[in-house]
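Here is what each chain is made of, one letter per residue.
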Amino acid sequence: MSRVIASLVLMLLLPLPALACDLRIEGRPLAVASYVENAQPCLARPPGGFAFEAALEARFLDLVNKERAEAGLAPLQMRRELTDAARLHSLDMAVNGFFGHVGPDGRGPGDRIAALDRTALADFSAENVATVSRAGGRIGANFAVKRLHRNLMDSPGHRANILHPKATHVAFGVVRTEGGVWVTQLFMRVSGTLPRAAPLRVSAAQVMQGRPTGLEGWRFVRYDIVGLSGEPFPGAGGAGQGRDARLAAYATQPGDDPLSYYWMRFPGPAVTITP
């Protein structure tokens, strides 16, 4: 019996094997909670031959803020909580061989931000994507960053995102292989921040506790659940169970007339509704 107990203790002490990254489009989870859980192994350890490049992400921040300074705009702050959404899209493009803002699973920038940034209350976001490759040889980091940044600045739409006056925060996701570099740039105006990361699964009856920070000039009133597009969410009778929704923070401020108020809804992370 003592040997059996000792063996069990040894098994409990051994590290559990890490889940493998699975970026296959077929069978990818649709519910946001499962989607995020499926993405975590890929964000922790990309497939062999693919690597995240934090040093190149920092260089993109320098280049973007240099452009903004020359245009008389405030610098952007790097938002770590937004990095996962940027990195996952770059990795998805690199692994699955597509290029664009909407992935083969139908998710766009707003969907990925709402899924993977679990604390932001944001009223503006934008995305840039770019890639460069060199057939038959290793691509240099300096060459890739300069080429990608110049290509983005030469494109009116991408340049407008980099110099957008509403943006306050940014995140970069750079993935590098032997012969290619992919970058996703996410721009955001953070209106407020939740007191802690929103749970992936919530009950319609118990949404969120604690007051958000930020929301300058607004008085926080309550949290609520709304549809992904902002429509009222069917919370009664279990109609919304198993569906995705968004957390939202409601706030007020005095209106122009006496006894009048303005109401504002600040959308937050996406969640899956449970019983």
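Here, every reference points to the structure presented above.
Residues numbered from 1 in each chain as written. Predicted model: local features only at pLDDT ≥ 70, side-chain atom pairs only at ≥ 80, totals over all residues. Heavy atoms only, no water.

Section: the pairing of strand E9 (residues 244-254)
It is a general feature of regular strands that their side chains alternate between the two faces of the sheet.
Part 1: The buried fraction of E9 amounts to nine of the eleven residues, a majority that puts the element mostly inside the structure.
Part 2: When strand E8 (residues 219-226) meets E9, the two strands line up antiparallel, connected through seven bridges. Among the inter-strand pairings, isoleucine 225 is bridged to a residue of E9, identified as leucine 247.
Part 3: Across ten bridges, the pairing between E9 and strand E10 (residues 261-274) is antiparallel. (Buried < 20%, exposed > 50% of the residue type's maximum accessible area, 1.4 Å probe, protein only. Helix = DSSP H or I, 4+ residues; strand = E, 2+ residues; numbered from the N terminus. Pairing = 2+ DSSP bridges.)

A word on the nonpolar core
Part 1: Core analysis: the largest hydrophobic core is formed by 32 residues, its most contacted members being Val36, Leu88, Leu116 and Met188.
Part 2: Taken together, the elements giving at least two residues each to this core come down to helix H2 (32-44), helix H4 (80-96), helix H5 (109-116), strand E3 (120-133), strand E4 (169-176) and strand E5 (180-193).
Part 3: The contact partners of valine 36, leaving out residues within four places of it in the chain, are Ala115, Leu116 and Leu200.
Part 4: Of all hydrophobic cores here, the second largest spans 25 residues; its members include Leu76, Ala126, Ala144 and Val183. (Core = buried A, V, L, I, M, F, W, Y, C linked by side-chain atoms within 4.5 Å. Contact = heavy atoms within 4.5 Å.)

Observations concerning the layout of surface pockets
Part 1: Its volume calculated, the largest pocket comes out at about 230 Å³.
Part 2: The wall of the largest pocket is formed by 15 residues, among which Ile113, Ala122, Ser125, Arg246 and Pro267 lie closest to the centre.
Part 3: Secondary-structure elements contributing two or more residues to the lining of the largest pocket are H5, E3 and E10.
Part 4: The greatest single-element share of the lining of the largest pocket, amounting to five residues, is contributed by E3.
Part 5: When the residues that make up the lining of the largest pocket are grouped by side-chain class, the tally is eight nonpolar, three polar and four charged.
Part 6: Taken as a whole, the second largest pocket spans an internal volume of roughly 160 Å³.
Part 7: What lines the second largest pocket is Leu30, Val32, Tyr35, Arg107, Gly110, Asp111, Ala114, Ala115, Leu228, Asp244, Arg246 and Ala270.
Part 8: When contributions to the lining of the second largest pocket are tallied by element, the ones reaching two or more residues are H2, H5 and E9.
Part 9: Take the lining of the second largest pocket: its biggest share by element is four residues, from H5. (1 Å grid on protein atoms, 1.4 Å probe; cavity = no way out; pocket = protein on both sides within 12 Å on 5 of 7 lines; lining within 4 Å. Points joined across faces, edges and corners; volume = space filled by probe spheres on them. Nonpolar A, V, L, I, M, F, W, Y, C, P; charged D, E, K, R; others polar.)

Limitation: the analysis is restricted to geometry and does not speak to function.
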